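Residues per chain, in single letters:
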Amino acid sequence: MQILDGQLVSKATKDELKIKVAQLVTEGKKIPHLAAVLVGSNGASETYVAAKVKACQEIGYKSTLIRLEDEISENKLLSVIEELNEDPDIDGILVQLPLPKHISDEKVINTILPSKDVDGFHPVNVGRMVQGLDTFIPATPYGIILMMQHYKINTKGMHAVVIGRSNIVGRPMSILLSQSADPGNCTVTITHSHTKNLAELCRSADIIIAALGIPEFVKADMVKEGAIVIDVGITRVADASKKSGFALKGDVEFATVAPKCSYITPVPGGVGPMTIAALMKNTFKACVDKN
């Protein structure tokens, strides 16, 4: 069993980007500039955005953090995005989700210019991904692909079961694994809360991508010997034995599942750091494509 170390691969990815940015500076070219928009004060969102800003600093990107109050109107937020669209110095825009209930995620995503949509959520970029064209891939699925590439995992001909059908992880992951690429060339089954024979499907999987947000949902009896397990979930669970009073759990019961796997991602330290590394790669691409 080998641990897929997201911290290690993320550092390698960021180190590679650092060298590329230093080269841009040497050549007198524009360096990438990421604008992050944070609406309200959701604790998890604050943490994610802080990690993204920190990654920009480490690599040598410019970053701008725009904080807006919870009560901001939808129109005002859209006008902030329009200003960022028009700013020639800004290469990538990300609006941290979830947004307050009175604001439409869809309207916000559709307002970001596809050429600055480093989250890869705009319908134009999603369409290009489905067609296998050059585009921005959503950061979490892209991070998983980068990790598989780093560990030289050959997925050709494998059966992949994706648990969860969100537009952020499940759906794009299923598309990427089915494409004629490396990694890719899988036969993919996408499952969700209404799938009847879920455990049975998982037992037939060479690869399981668990992205449903239920702590320790995937148990050992759902996993066959030698499977590759990618755990996308991360949930705070009360744990009196911990100083903080909580533990972070993935969607996979790691202690019992890990011994059966050929590869598995830990939580934390697996997919999370790769999501940020992938976002940094998308931001670099946005800058270089435009300049």
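You'll find the structure just up there.
Computed from a prediction, not measured in an experiment: that's the story for all the values here.

## Things to note about the nonpolar core
Now for step 1: Within the largest apolar cluster, 51 residues are counted, with the highest numbers of intra-cluster contacts made by Y61, L177, I209, I230, V232 and M280.
Now for step 2: When near neighbours in sequence (up to four residues on either side) are disregarded, I230 contacts L4, I144, M148, I208, I209, A210, T265 and V271.
Now for step 3: Counting 21 residues, the second largest nonpolar core, distinct from the first, contains V37, L77, I90 and I112.

## Focus on helix α1 (residues 6–26)
Now for step 1: With 21 residues, α1 extends 30 Å from end C-alpha to end C-alpha; this agrees with the ideal 30 Å at 1.5 Å per step.
Now for step 2: When α1 is considered as a whole, its buried residues turn out to be G6, V9, S10, T13, K14, L17, V21 and L24. Projected down its long axis, α1 shows its buried positions confined to an angular sector of 125 degrees, all on one face. Of the exposed residues in α1, those oriented more than 90 degrees away from the buried face are K11, I19 and T26.
Now for step 3: Buried residues along α1 sit in contact with α2 (43–59), α6 (139–150) and α10 (271–290).
Now for step 4: Its side-chain oxygen placed 3.0 Å from the backbone nitrogen of Q7, D5 serves as the N-cap of α1.
Now for step 5: One or two steps after α1, the chain reaches G28, where phi turns positive at roughly 70 degrees.

## Side note on the pairing of strand β11 (residues 261–264)
Now for step 1: Note that strand β1 (residues 2–3) and β11 share two bridges and pair parallel. When the bridges of β11 are listed, Q2 appears paired with Y263.
Now for step 2: Pairing geometry for strand β8 (residues 227–231) and β11, over three bridges, is parallel. Residue pairing in the sheet places V229 in a bridge with I264 of β11.

## Side note on the packing of α1 against α10
Now for step 1: For the pair α1 and α10, interaxial distance at closest approach is 8 Å and the crossing angle is 20 degrees. With respect to α10, the axis of α1 lies roughly parallel. The two elements α1 and α10 meet at a crossing, and its hand is left-handed. Of the residues in α10, those touching α1 at G6, Q7, V9, S10, T13, E16, L17, K20, V21 and L24 are P273, M274, A277, M280, K281 and F284.

## So, the environment of D15
Now for step 1: Mapping D15 onto the fold places it in helix α1.
Now for step 2: Overall, D15 belongs to the partly exposed group, its relative accessible area being 29%.
Now for step 3: In this structure, the C-alpha to C-alpha distance between D15 and I59, residues 44 residues apart in sequence, is 7.1 Å.

## Considerations on the sheet that holds strand β6 (residues 187–191)
Now for step 1: Read from one edge of the open sheet, six strands run β1-β11-β8-β7-β5-β6, paired in parallel fashion. Only two strands of the sheet have a single partner each, and these edge strands are β1 and β6.
Now for step 2: Relative to β6, strand β5 (residues 159–163) runs parallel, the two sharing five bridges. Its bridge partner lying in β6, H159 is registered against T187.
Now for step 3: Those strands touched by helix α7 (residues 170–178) are β5, β6 and β7 (207–210), and its axis lies near 170 degrees from that of β6.

## With respect to the pattern of salt bridges
Now for step 1: Scanning the entire structure with this criterion turns up 17 salt bridges.
Now for step 2: Note that K29 is salt-bridged to E27, the shortest N-O span being 3.1 Å.
Now for step 3: Judged by its relative accessible area of 43%, E27 is partly exposed.
Now for step 4: Among the salt bridges present, the one from E216 reaches K249, with a minimum N-O distance of 3.6 Å. Here E216, found in the loop between β7 and β8, pairs with K249, found in strand β10 (residues 246–249); they are 33 residues apart in sequence, far enough to count as distant.

Calculation notes
- Residues numbered from 1 in each chain as written.
- Predicted model: local features only at pLDDT ≥ 70, side-chain atom pairs only at ≥ 80, totals over all residues.
- Heavy atoms only, no water.
- Core = buried A, V, L, I, M, F, W, Y, C linked by side-chain atoms within 4.5 Å.
- Buried < 20%, exposed > 50% of the residue type's maximum accessible area, 1.4 Å probe, protein only.
- Contact = heavy atoms within 4.5 Å.
- Helix = DSSP H or I, 4+ residues; strand = E, 2+ residues; numbered from the N terminus.
- Expected span 1.5 Å × (residues − 1).
- Arc of directions from axis to C-beta.
- Polar contact = N/O pair within 3.5 Å; in protein donor to acceptor, adjacent residues only side chain to side chain.
- Pairing = 2+ DSSP bridges.
- Axes fitted to C-alpha atoms, helices over the stretch in contact; angles between N-to-C directions.
- Parallel < 35°, antiparallel > 145°, perpendicular 65-115°, else oblique.
- Left-handed = near helix turned anticlockwise from the far one by under 90°.
- Salt bridge = Lys/Arg side-chain N within 4 Å of Asp/Glu carboxyl O.

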